[in-house]
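# What the coordinates show
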Amino acid sequence: MSTKNKILDAADVLFADKGFNGTSLREITSQANVNLAAVNYHFGSKKELIKAVMSRYMDELSPQLEAALALICQAEEKPSLHDVFSAFIEPLLYLNEFKVNGTSTFLQLLGRGYTDSQGFLRWFLTTQYPNVFTHFTQAVKIAYPELSTEEMFWRLHFTMGTIVFTMSSSEALIDIAQNDFDNKLDIAGVIERVIPYVAAGVAAPITKHN
């Protein structure tokens, strides 16, 4: 394995587990068994390393997700919000083929971009992979045209919170399903359960706010 990939592998696990702010470069170099100069040589800074970690996943995810969302937008029949969110399932699960525990790790990393106040990362993702966000918001608009841009922001923000919390505790949820309900689940089963919930939340009737 190359030094660069050793750094990336160590960084994505530590970032997902401890957060971007809570992980130091020294922890990453120790985990990767490389020196600090190697990080500076390959990435230049911690911000660039964070971008590189996310790009590894997004480069795999975005083509499949763009294609799935484009089909939703081009469908003759009006899609439901359940259809829109279900378009994420196969592309997300593919990340498990790309990397062990890739799906849950990616979703935790994505959530860290919000909880750790990494504004530069959100900007990087929306500018580097604009078609994903364009197709997604377009699909939501088609499914629920009455939803204003502001209301969409709030509902998708709450959706992200739900997804991040669910994925960060996915191992515990899988254990609970097995021990309390004798139901053997994997990460796909968890995602399939959360999709109807978030779709229903985004589809809730519009109410006036003070």
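Scroll up a little and you will see the structure.
My aim in this report is to walk through the structure given alongside it, one point at a time. (Residues numbered from 1 in each chain as written. Predicted model: local features only at pLDDT ≥ 70, side-chain atom pairs only at ≥ 80, totals over all residues. Heavy atoms only, no water.)

The calculated volume of the largest pocket comes to roughly 860 Å³. Per-element tally for the lining of the largest pocket: the top contributor is helix α10 (residues 149-168), with nine residues. Among the residues making up the lining of the largest pocket, the classes are represented as 25 nonpolar, six polar and one charged. Around the second largest pocket, the lining comprises 16 residues; the ones closest to its centre are Asn101, Ser104, Thr105, Gln108 and Glu171. Counting residues per element, the ones that place at least two in the lining of the second largest pocket are α1 (3-18), α7 (102-115), α10 and α11 (170-181). By residue number, the principal contributor to the lining of the second largest pocket is α7, which donates four residues. Looking at the lining of the second largest pocket residue by residue, the classes come out as five nonpolar, nine polar and two charged. (1 Å grid on protein atoms, 1.4 Å probe; cavity = no way out; pocket = protein on both sides within 12 Å on 5 of 7 lines; lining within 4 Å. Points joined across faces, edges and corners; volume = space filled by probe spheres on them. Helix = DSSP H or I, 4+ residues; strand = E, 2+ residues; numbered from the N terminus. Nonpolar A, V, L, I, M, F, W, Y, C, P; charged D, E, K, R; others polar.)

Under the definition given, this model contains six salt bridges. As a salt-bridge pair, arginine 56 and aspartate 9 come within 2.8 Å of each other at their nearest N and O atoms. Placement of arginine 56 in helix α4 (residues 46-74) and of aspartate 9 in helix α1 is noted, with a sequence separation of 47 residues between them. With relative accessibility at 23%, the residue aspartate 9 sits in the partly exposed group. Close ionic contact of arginine 155 with glutamate 151 constitutes a salt bridge, the shortest N to O distance being 2.9 Å. You can see arginine 155 and its partner glutamate 151 sitting in helix α10, four residues apart, about one turn around the helix. Judged by its relative accessible area of 8%, arginine 155 is buried. With relative accessibility at 15%, the residue glutamate 151 sits in the buried group. One network of salt bridges, in which partners are shared, links Asp9, Asp12, Arg56 and Lys99. (Salt bridge = Lys/Arg side-chain N within 4 Å of Asp/Glu carboxyl O. Buried < 20%, exposed > 50% of the residue type's maximum accessible area, 1.4 Å probe, protein only.)

The geometry of helix α6 (residues 89-98) relative to helix α12 (residues 187-202) is characterised by a closest axis approach of 11 Å and an angle of 155° between their N-to-C directions. As the angle between them shows, α6 and α12 are arranged roughly antiparallel. At the point where α6 passes α12, the crossing takes the right-handed sense. Residue-level inspection shows Ile89, Leu93 and Asn96 of α6 in contact with α12, the latter providing Ile187, Ala188, Ile191, Glu192 and Ile195. When the residues that make up the contact of α6 with α12 are grouped by side-chain class, the tally is six nonpolar, one polar and one charged. (Axes fitted to C-alpha atoms, helices over the stretch in contact; angles between N-to-C directions. Parallel < 35°, antiparallel > 145°, perpendicular 65-115°, else oblique. Left-handed = near helix turned anticlockwise from the far one by under 90°. Contact = heavy atoms within 4.5 Å.)

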